[in-house]
Amino acid sequence: MTKAMTKWNFADVWEAVAETLPEAPALTQGSRTQSWKETDHRADNLARWLLGAGVAKQDKVALYLYNCPEYLEATFAIFKVGLVPINTNYRYADDELAYLWENADAVAVVFHGVFAERIEGIRERIPGIRSWLWVDDGTAACPSWAVPYETVATDDAAGDGGGERVRAPWGRGPDDLNLLYTGGTTGMPKGVMWRQDDLFALLNGSGFRKYDEESGVEGVRQSLSELGPGMTLLPACPLMHGTGGFTAIECLSEGGRVVLLASRQFDAVELLDTVEREKVNGLIIVGDAFGKPILAALNANPGRWDLSSLVGIISSGVMWSEETKQGLLGHHPTMLLVDAFSSSEALGMGSSISSGASASKTAQFTLGPFVRVLDPDGNDVAPGSAQPGVLALGGRIPLGYYKDQAKTDATFKTIGGARYSIPGDYAEVREDGSIHLLGRGSVVINTGGEKVYPEEVEEAIKTVDGVLDAVAVGIPNDRFGEEIVAAVELAPGAPEGSVSEDAIIEHVKSRLASYKAPRRVRFVSTIGRSPSGKVDYGRIRKESAAWVGVEL
């Protein structure tokens, strides 16, 4: 029997939550908490303003924000009127921002005030953006070319504090997109196109409170009426990345509350204070970059925090070490630690779960239900064979990359009549069916959950006066997974000491996001390229690791 088609749209679900649980908390940051009713109404006001700004069906609206309630509130408004949210990495420099917004065909941007000066410098390069909404963060006054967000959100055009639902003439539906931009392995960011129906079904399937997939919005109302508000979730990582953004979206879909940290720099003490104060149930982090500082704070202050409300910690983006898991479980043995293996193009590739009884080995995962490990001929790798294979995810997957058919064809392939997402992750299959993750088959560097394409860094370094050639590699780093080390060859005749490590690092930071800059620079007599110009990344990485003093 053919399974019935589903028609999920996040705006429909969130409106059902607001109507069923109007007084339940939806968003918290610091001392500010908004109910579902308030959040829904503010999103309606914002949606009404967007329609008045002349948007069209599936127009793109960029979110250039640090973590804040406005990020999710604006997402709600965008979904209400059939538009598409565009996540924006707030670490991007001018060229990256201009490329992203132009590539996405953005027509509006919601931005924190601290970014006004940067936007001012690139506005002429992105004429397609007609509307700017300024979120006051106390850093600067609203520029003349923008509109204050709060004025829009509190403009009760309906006049009764509630008003009729705001819907666009073209409506909304399951085919509406959620566009997630990722740096990926190709340098400049590319937009992964998710149908809302597919994304909802995937997130719902892995959520804490699962709805009957075919029950529709009425099923949501019934479930919420019976069970009440959902969990309290704290995404400690940025909402502008899939790990934080998707988990927050799922929490709201379950009628839960999203709690956001007030500081823009990660502070483990602030996080633990917030977990205790807000009685957080679920914590979202990105590997050891978050886990190790949290563990250090707990070790330095035994018994300081009541973590009894915490049911689990979920990590995704980079691998999470066994040692850190064991340490955290020592402070709260009854919680679950989940290491989720996913990417922007492939949700649900695998997971490992640790409890007080044991901590899973680093890089050991149980495959998701629609995952295959394929050899170069497209056949399944035999468990226990020790043969590396590429991971292929079937089931509900993205439509492809926005405006990039070539990259879409390279990643999304049809095998045996079924469509698969193959982002390029390699693994071995153990005899018990679990996988040992080997990493991307390319030379992409993953530092603190951020993916960095080496050629982008190399090209920036090669613009430094006195530099002839450069290669960037990632070597192991206990906290960030990998750190970037650059091997640099100076131009013939360049005086010794004429180009410093600090100068190269600062130059890269001036051209690219800071996390893309090398942490260390190794000056070499020659890069050692082949006659065809190719470089042996494996050799450079091995030499760089030995130079730093770490093992591969």
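Summarised in this report is the structure supplied together with it.

The rules we used
Residues numbered from 1 in each chain as written. Predicted model: local features only at pLDDT ≥ 70, side-chain atom pairs only at ≥ 80, totals over all residues. Heavy atoms only, no water. Salt bridge = Lys/Arg side-chain N within 4 Å of Asp/Glu carboxyl O. Helix = DSSP H or I, 4+ residues; strand = E, 2+ residues; numbered from the N terminus. Buried < 20%, exposed > 50% of the residue type's maximum accessible area, 1.4 Å probe, protein only. Phe/Tyr/Trp six-rings, centres within 6.5 Å; stacked < 30°, edge-to-face > 60°. Lys NZ or Arg CZ within 6 Å of the ring centre and 35° of its normal. Contact = heavy atoms within 4.5 Å.

What follows concerns the pattern of salt bridges. Considering all chains together, one arrives at 38 salt bridges under this definition. Ionic pairing is found between Arg118 and Asp94, a salt bridge with its closest N-O pair at 2.6 Å. In this pair, Arg118 is assigned in helix α5 (residues 116-122) and Asp94 in helix α4 (residues 94-104), connecting sequence segments 24 residues apart. The exposure class assigned to Arg118 is partly exposed, which follows from its relative accessible area of 34%. Residues Arg277 and Glu278 are paired through a salt bridge, measuring 3.1 Å at the closest nitrogen-oxygen approach. Here the salt bridges share partners, and the residues they tie into one network are Asp12, Glu15, Glu19, Asp40, Asp44, Lys80, Arg165, Arg172, Glu218 and Arg221.

The description of two aromatic rings rests on the distance between their centres and on the angle between their planes. In total, this model carries 16 aromatic pairs according to the counting rule given. Aromatic pair Trp14 and Phe76: ring centres 5.4 Å apart, planes at 80°, arrangement edge-to-face. Of the two residues, Trp14 is situated in helix α1 (residues 10-20) and Phe76 in helix α3 (residues 69-80); the sequence distance between them amounts to 62 residues. The exposure classification of Trp14 matches that of Phe76, with both residues buried. The rings of Tyr64, Tyr66, Tyr90, Trp101, Phe111, Phe115, Trp132 and Trp145 are connected pair by pair, giving a single aromatic cluster. The ring of Phe76 carries Lys80 above its face, with NZ or CZ at 4.4 Å from the centroid.

A few words now on the environment of Ala104. With respect to the element layout, Ala104 can be found in helix α4. When its relative accessible area of 0% is taken as the criterion, Ala104 is described as buried. It is 9.3 Å that separates the C-alpha atoms of Ala104 and Asp59, two residues lying 45 residues apart in sequence. Beyond its immediate stretch of four places on either side in the chain, Ala104 contacts Lys60, Ile86, Tyr181 and Tyr402.

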